[in-house]
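Observations on the model geometry
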Amino acid sequence: LIWKKKDFFTQTMMQRNAPMTGKAFALIFAFFMTCQFMAQISSIGMEALLNQFGMSMMGLIESSTANTSDPVMLIYIGILAPIAEEIIFRGIVLRGMQPHGRGIAVFTSSILFGMIHGNPVQIPFAFATGIVLAYVTLEYDVRWAILLHMINNLGLGILLPMAFASVPAVSDLIMWAIIIASTVGAIAAIICKKAQVKEELSVLKTEKWQWKAVMTSPTMLITLITSTFDMLLLI
């Protein structure tokens, strides 16, 4: 915070690009929830595999959920964490890395966002959603990334289960309906906009030397090592 000059925060970090539309936000939300679908399927597969060896990761799955009735944790997980995480990972890291190339900026911020969660169940989901949130920030602005993050944490992670606390099966059913509908919508969008998707992905191309420079930098190594250590302690 001290190192970056004031202009970075007032201009670069809070930079606004294209105006958001309802259609664009719905499509982005669909891709965001598709990441949730992939994470759910991944968790089911990992749990089934571990069960074959007499082990389970249900404790990790439970600890990764945002569901809480404590007011302080509700404010932290639902409001403060999305604001802080988006400012750090999309505002500072993504925008700070942007001069080195769009692809390396997106992937670096997403890798850090995933690893910092320290939970092997959350890491794939956080990495995938980090890419979506990075896209939102670059195409529109970081405020929309904050809103999307809040909808996930506060709306779907806390308020939805609270609304159906007496009948949790209804909450699960609604959540799965949203996830499946979003995944179908995202797949349909990819098929219909194949050329546009291909163009977007080509912009994310990164060179080998860029990956080597980032992944062997002292700060990245320290972050990855400490995050891995946290993850092992949790396991």
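Since this is a predicted model, take the numbers as computed values, not measurements.

1. What about the overall build of the protein chain?
Looking only at helices and strands, the protein chain features 11 helices and zero strands. Shown N-terminal to C-terminal, the secondary structure of the protein chain runs as helices and strands in the order α-α-α-α-α-α-α-α-α-α-α. Here the protein chain has a C-alpha radius of gyration of 18 Å; the compact-globule value for 235 residues is 18 Å, and the two agree. Overall size of the protein chain, expressed as C-alpha extent along the three principal axes, is 50 × 40 × 35 Å. With 235 residues in all, the protein chain has 41% of them scored as buried. Pairs at least 24 residues apart make up 75% of the contacts formed inside the protein chain by residues separated by at least 6 positions.

2. Quick notes on the packing of helix α4 (residues 71–97) against helix α7 (residues 142–163)
The contact between α4 and α7 brings their axes to 9 Å, and the two run at 155°. The angle between α4 and α7 falls in the class roughly antiparallel. Between α4 and α7 the crossing geometry is right-handed. Two secondary-structure elements touch here, α4 through Leu74, Ile77, Gly78, Ile79, Pro82, Ile83, Glu85, Glu86, Arg90 and Gly91 and α7 through Val142, Ala145, Ile146, His149, Met150, Asn153, Leu154, Ile158 and Met162.

3. So, the pattern of salt bridges
Using the criterion set out here, one finds three salt bridges in the structure. Linking Arg90 and Glu86 is a salt bridge whose minimum nitrogen-to-oxygen distance equals 2.7 Å. Taken as a pair, Arg90 and Glu86 lie in helix α4 at a separation of four residues, close to a single helical turn. In this structure, Arg90 and Glu86 share a single accessibility class: buried.

4. Looking at the packing of helix α6 (residues 122–139) against α7
Contact geometry for α6 and α7: axes closest at 7 Å, N-to-C directions at 145°. Here α6 and α7 pass one another in a crossing that is right-handed. Counting all contacts with α6, which are made through Phe125, Val132, Leu133, Val136 and Thr137, the residues of α7 involved are Val142, Trp144, Ala145, Leu148, His149 and Asn152. Of the residues assigned to the contact of α6 with α7, the class counts are eight nonpolar, three polar and no charged.

5. Examining the side chain of Asn152
Its place among the elements puts Asn152 in helix α7. Once residues within four sequence positions are removed from consideration, Asn152 is found in contact with Phe32, Gln36, Phe125 and Gly157.

Conventions used here
Every chain's residues receive numbers from 1 upward, in the order its sequence appears when written. Given that the model is predicted, a residue must reach a pLDDT of at least 70 before its local features are reported, and side-chain atom pairs must reach 80 or more before they are shown or counted; all residues, however, enter totals for whole chains, interfaces and linings. Processing note: side-chain calculations cover all non-hydrogen atoms of the structure and skip hydrogens and water entirely. A helix here means a DSSP run of H or I that spans at least four residues, while a strand means a run of E at least two residues long, and both kinds are numbered starting from the N terminus. Each radius of gyration reported is based on C-alpha atoms, and the globular scaling rule is 2.2 Å times the count of residues to the power 0.38. The buried label goes to any residue with under 20% of its type's maximum accessible area, the exposed label to any with over 50%, and the partly exposed label to all in between, with areas taken from a 1.4 Å probe on protein chains only. What makes two residues a contact is simply this: any of their non-hydrogen atoms within 4.5 Å. Fitted lines through C-alpha atoms serve as axes, helices being fitted only where they are in contact, and the angles separating the N-to-C directions of these axes extend from 0 to 180 degrees. Angular relationships are summarised with four words: roughly parallel below 35 degrees, roughly antiparallel beyond 145, roughly perpendicular across 65 to 115, and oblique for the angles in between. Crossings are sorted by hand: turned counterclockwise from the far helix by less than a right angle, the near helix makes the crossing left-handed, and turned clockwise it makes it right-handed. Salt bridges are defined by distance alone: a side-chain nitrogen of Lys or Arg within 4 Å of a carboxyl oxygen of Asp or Glu. Residues are sorted three ways: Asp, Glu, Lys and Arg are charged, Ala, Val, Leu, Ile, Met, Phe, Trp, Tyr, Cys and Pro are nonpolar, and all the rest, Gly among them, are polar.

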